[in-house]
Amino acid sequence: AQSVTQLDSQVPVFEEAPVELRCNYSSSVSVYLFWYVQYPNQGLQLLLKYLSGSTLVKGINGFEAEFNKSQTSFHLRKPSVHISDTAEYFCAVTGSNYKLTFGKGTLLTVNP
Amino acid sequence: GAVVSQHPSWVICKSGTSVKIECRSLDFQATTMFWYRQFPKQSLMLMATSNEGSKATYEQGVEKDKFLINHASLTLSTLTVTSAHPEDSSFYICSAPPTGKNEQYFGPGTRLTVT
């Protein structure tokens, strides 16, 4: 069985500050890891994914994440956030069956 | 590329009626699609896996007779909420991985309100 823990339910930051959204996972098999963003009343948009290869993954909108197998983590980072980054962020894991298991989400609020 | 659409985006229905939600992959084929339910300020809960040409697989606790799923083609899956009640009000989202790829693309969601 797989599970995902997003350690922070809410993260408030000021504009242009750096941010890290934390995600830990557990799985008994090889995993594929994803970060999605959801704006109010919309579906999910893929930010980035780790399938294999380099552990540092770059995504859209200036986000990046690092896969750390020993710490079973996949934290999301952005060096300088904008007001428009305010949204809900979901970390997710899947195995070979393509079924996604989501974390509970982290609400990122960027204040001016 | 990799666009998934849902229709309708928003629907209000009366208690006891049925509502059909469509999920389409617009520029790729998907032998499998997934249906999720999301309550306000909560994460997505997987309801079922829709398989083209065969029966859907439901997650534990999801009533298969209430949430009918049909995957009629490689680009279309439908979710029918039968005899809807106010507690079925929710945001329903579908997703689809392009065949052979382990990444999913999500539809924009359907807001169902049952009065």
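One can find the structure itself at the top, above this paragraph.
Residues numbered from 1 in each chain as written. Chains lettered and ligands numbered in written order. Predicted model: local features only at pLDDT ≥ 70, side-chain atom pairs only at ≥ 80, totals over all residues. Heavy atoms only, no water.

Caption draft 1: Molecular detail of the side chain of Lys78 of chain A. All names here are of chain A. Secondary-structure assignment places Lys78 in strand β9 (residues 73-78). There is a polar contact of 2.9 Å between the side chain of Lys78 and the side chain of Asp85. When neighbours within four sequence positions are excluded, Lys78 is seen to be in contact with Ala17, Pro18, Val19, Asn61, Gly62, Phe63 and Asp85. (Helix = DSSP H or I, 4+ residues; strand = E, 2+ residues; numbered from the N terminus. Polar contact = N/O pair within 3.5 Å; in protein donor to acceptor, adjacent residues only side chain to side chain. Contact = heavy atoms within 4.5 Å.)

Caption draft 2: View of the pairing of strand β5 (residues 32-38) of chain A. All names here are of chain A. Counting buried positions over the seven residues of β5 gives six, a clear majority of the element. Here seven bridges tie β5 to strand β10 (residues 87-94), and the two strands are oriented antiparallel to one another. Note on β10: the bridge partner recorded for Tyr36 is Phe90. For β5 and strand β6 (residues 44-50), the ladder comprises six bridges, and the chain directions are antiparallel. From the neighbouring strand, Leu33 faces β6, where its bridge partner is Tyr50. (Buried < 20%, exposed > 50% of the residue type's maximum accessible area, 1.4 Å probe, protein only. Pairing = 2+ DSSP bridges.)

Caption draft 3: Molecular detail of the packing of aromatic side chains. Summed over the entire model, instances satisfying the criterion amount to 12 aromatic pairs over all chains. Look at Phe34 of chain A and Tyr36 of chain A: their rings are 6.1 Å apart centre to centre, the planes differ by 25°, and that puts the pair in the stacked class. Just as Phe34 of chain A is buried, Tyr36 of chain A falls in that class too. Measuring from ring centre to ring centre gives 6.1 Å for Phe90 of chain A and Phe102 of chain A, while their planes differ by 85°; the resulting arrangement is edge-to-face. A residue pair is termed long-range when its members are at least 10 positions apart, and Phe90 of chain A in strand β10 and Phe102 of chain A in strand β11 (residues 100-102) qualify at 12 residues. Take Phe90 of chain A: its relative accessible area is 0%, and that puts it in the buried class. The rings of Phe34, Tyr36, Phe90 and Phe102 of chain A together with Tyr36 and Phe106 of chain B are connected pair by pair, giving a single aromatic cluster. (Phe/Tyr/Trp six-rings, centres within 6.5 Å; stacked < 30°, edge-to-face > 60°.)

Caption draft 4: The interface of chain A and chain B, seen in detail. Across the contact, 21 residues belong to chain A and 21 residues belong to chain B. Between chain A and chain B, roughly 1600 Å² of surface is buried when both sides are summed, and carbon and sulfur atoms account for 55% of that area. At the junction of chain A and chain B, the tally comes to eight residue pairs in polar contact (both at pLDDT 80 or more). Taken together, the elements giving at least two residues each to the side of chain A that touches chain B come down to β5, β6, β10 and β11 of chain A. Counting residues per element, the side of chain A that touches chain B draws most heavily on β5 of chain A, which supplies four residues. Classifying every residue of the side of chain A that touches chain B by side-chain character gives nine nonpolar, nine polar and three charged. (Buried area = accessible area lost by both parts, 1.4 Å probe. Nonpolar A, V, L, I, M, F, W, Y, C, P; charged D, E, K, R; others polar.)

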